Amino acid sequence: MTVLIPVRCFTCGNLIADKFKEYQSRVKGGEDPGKVLDSFGFKRYCCRSMILTSVETIHQVIPFYEAIKRREQEVRSELE
């Protein structure tokens, strides 16, 4: 799964993207997410929320893109 995570925290500028894969693997391995964030040194809530709220958005966007493409094809076929 590829997640587009910001390189730096939007609020404080702390580097966060380099730790995201390790965060995911450790949490999937059963570790407590809060303790994993503490071990990375993420004490500020802004950095923690950047990691915790990162989701795979591409799967949410693709259906809309496909619907637009289908509609374009319908319009073209009606005009022909």
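Residues numbered from 1 in each chain as written. Predicted model: local features only at pLDDT ≥ 70, side-chain atom pairs only at ≥ 80, totals over all residues. Heavy atoms only, no water.

### Describing the nonpolar core
At step 1: Within the largest apolar cluster, 13 residues are counted, with the highest numbers of intra-cluster contacts made by I16, Y23, F42, C47 and I51.
At step 2: Mapped onto this core, the elements with two or more residues apiece are α1 (20-28), α2 (33-40) and α3 (45-52).
At step 3: Counting residues per element, this core draws most heavily on α3, which supplies four residues.
At step 4: Apart from residues no more than four positions distant in its own chain, Y23 is found in contact with P33, V36, L37, F40, I51 and L52. (Core = buried A, V, L, I, M, F, W, Y, C linked by side-chain atoms within 4.5 Å. Buried < 20%, exposed > 50% of the residue type's maximum accessible area, 1.4 Å probe, protein only. Helix = DSSP H or I, 4+ residues; strand = E, 2+ residues; numbered from the N terminus. Contact = heavy atoms within 4.5 Å.)

### A closer look at the UniProt feature "binding site: Zn(2+)" (unreviewed entry) in the protein
At step 1: Mapped onto this numbering, the UniProt entry gives "binding site: Zn(2+)" (unreviewed entry) at C9, C12, C46 and C47. These residues run over 39 residues, yet every pair of their C-alpha atoms falls within 7.7 Å of each other.
At step 2: By relative accessible area, which is 4% here, C9 ends up buried.
At step 3: Sequence-distant contacts of C9, that is, excluding residues within four places in its chain, are made with N14, I16, C46, C47 and M50.
At step 4: With respect to the element layout, C46 can be found in helix α3. (UniProt positions renumbered as here; feature names shortened; annotations may be inferred.)

### Things to note about the packing of aromatic side chains
At step 1: Following the criterion strictly, the structure yields two aromatic pairs and no others.
At step 2: Seen in terms of ring centroids, F40 and F42 are 6.1 Å apart; in terms of plane orientation they differ by 65°. Their pairing is edge-to-face. Here the two residues F40 and F42 agree in accessibility, since each one is buried.
At step 3: Sitting over the ring of F40, R26 keeps its end group 5.4 Å from the ring centre. (Phe/Tyr/Trp six-rings, centres within 6.5 Å; stacked < 30°, edge-to-face > 60°. Lys NZ or Arg CZ within 6 Å of the ring centre and 35° of its normal.)

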